[in-house]
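Coordinate analysis (summary)
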Amino acid sequence: MAARSVNRRDLLTLALAGVGVMWFVATNKKPSVHYTVPEVDLASAKALIDAGAKVIDVRTEKQFKARHLPNAALISLEVLRVGIPASLLAAKESRIVVYCGDGTSTGPEATHILVQAGFTNVANMKSGIEGWSSAGLPTVQG
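1. A short note on the sheet that holds strand S2 (residues 54–57)
Taken in spatial order, the five strands make up an open sheet running S1-S5-S4-S2-S3, and their pairing is parallel. Only two strands of the sheet have a single neighbouring strand rather than two, namely strand S1 (39–40) and strand S3 (73–74). Relative to strand S5 (residues 122–125), S1 is paired through two bridges, and the arrangement is parallel. Each residue of the ladder has a partner; that of Val40, found in S5, is Met125. Lying over the sheet, helix H6 (residues 107–116) contacts strand S4 (96–99) and S5, oriented at roughly 180 degrees with respect to S5.

2. Some remarks on the environment of Glu109
Locating Glu109 in the fold gives a position in helix H6. Here the alpha-carbon distance between Glu109 and Val37, two residues 72 residues apart in the chain, equals 8.4 Å. Residues within four places of Glu109 in sequence aside, it is in contact with Tyr35, Leu77 and Arg81. Of note is the side chain of Glu109, whose polar atom sits 2.9 Å from the side chain of Arg81.

3. Comments concerning the pattern of salt bridges
Within this structure, the stated rule accounts for five salt bridges. Of the charged contacts, one joins Glu61 and Lys65 as a salt bridge, the two residues approaching to 3.2 Å between their closest N and O atoms. On the criterion of helical spacing, the pair formed by Glu61 and Lys65 is a turn pair, its members being four residues apart in helix H3 (residues 61–66). The class of Lys65 is partly exposed, set by a relative accessible area of 46%. Glu130 is paired through a salt bridge with Arg67; the nearest N and O atoms lie 2.6 Å apart. With a gap of 63 residues between them, Glu130 in helix H7 (residues 128–134) and Arg67 in the loop between H3 and S3 connect regions that are remote in the sequence. Note on Arg67: relative accessible area 23%, which makes it partly exposed.

Calculation criteria
Residues numbered from 1 in each chain as written. Predicted model: local features only at pLDDT ≥ 70, side-chain atom pairs only at ≥ 80, totals over all residues. Heavy atoms only, no water. Pairing = 2+ DSSP bridges. Helix = DSSP H or I, 4+ residues; strand = E, 2+ residues; numbered from the N terminus. Contact = heavy atoms within 4.5 Å. Axes fitted to C-alpha atoms, helices over the stretch in contact; angles between N-to-C directions. Polar contact = N/O pair within 3.5 Å; in protein donor to acceptor, adjacent residues only side chain to side chain. Salt bridge = Lys/Arg side-chain N within 4 Å of Asp/Glu carboxyl O. Buried < 20%, exposed > 50% of the residue type's maximum accessible area, 1.4 Å probe, protein only.

Geometric descriptors of this kind do not, in isolation, establish any biological role.
What follows is the structure, encoded as structure tokens:
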């Protein structure tokens, strides 16, 4: 009988510890960072792109292959976090539109990185590719 109550006590202790760990993880998530960066709405982004602005997709390669804006260059956020590629540094004075999926996830951080690197003509597209696509604007695959 004593062995059985010890096992129940151990199980209860283990269960309570598990609940405690789950609570700790749920309440101690890394806070999201909000970047205040230049942004453009969908109409302005389209006008800039139509006028020749460079377009940078900062999503993953898998997302890019599934769908992206015409003539967009894939330079993921992970790449930008490591350093600005030489091909992009050469376009430092060019007008650049950055986009991510929804305009709020990776686009603002990528834009912030570029602004910190001295890019003065860069803006995040607030609607991301989701807004672009929802507006019926063209996307390409591959």
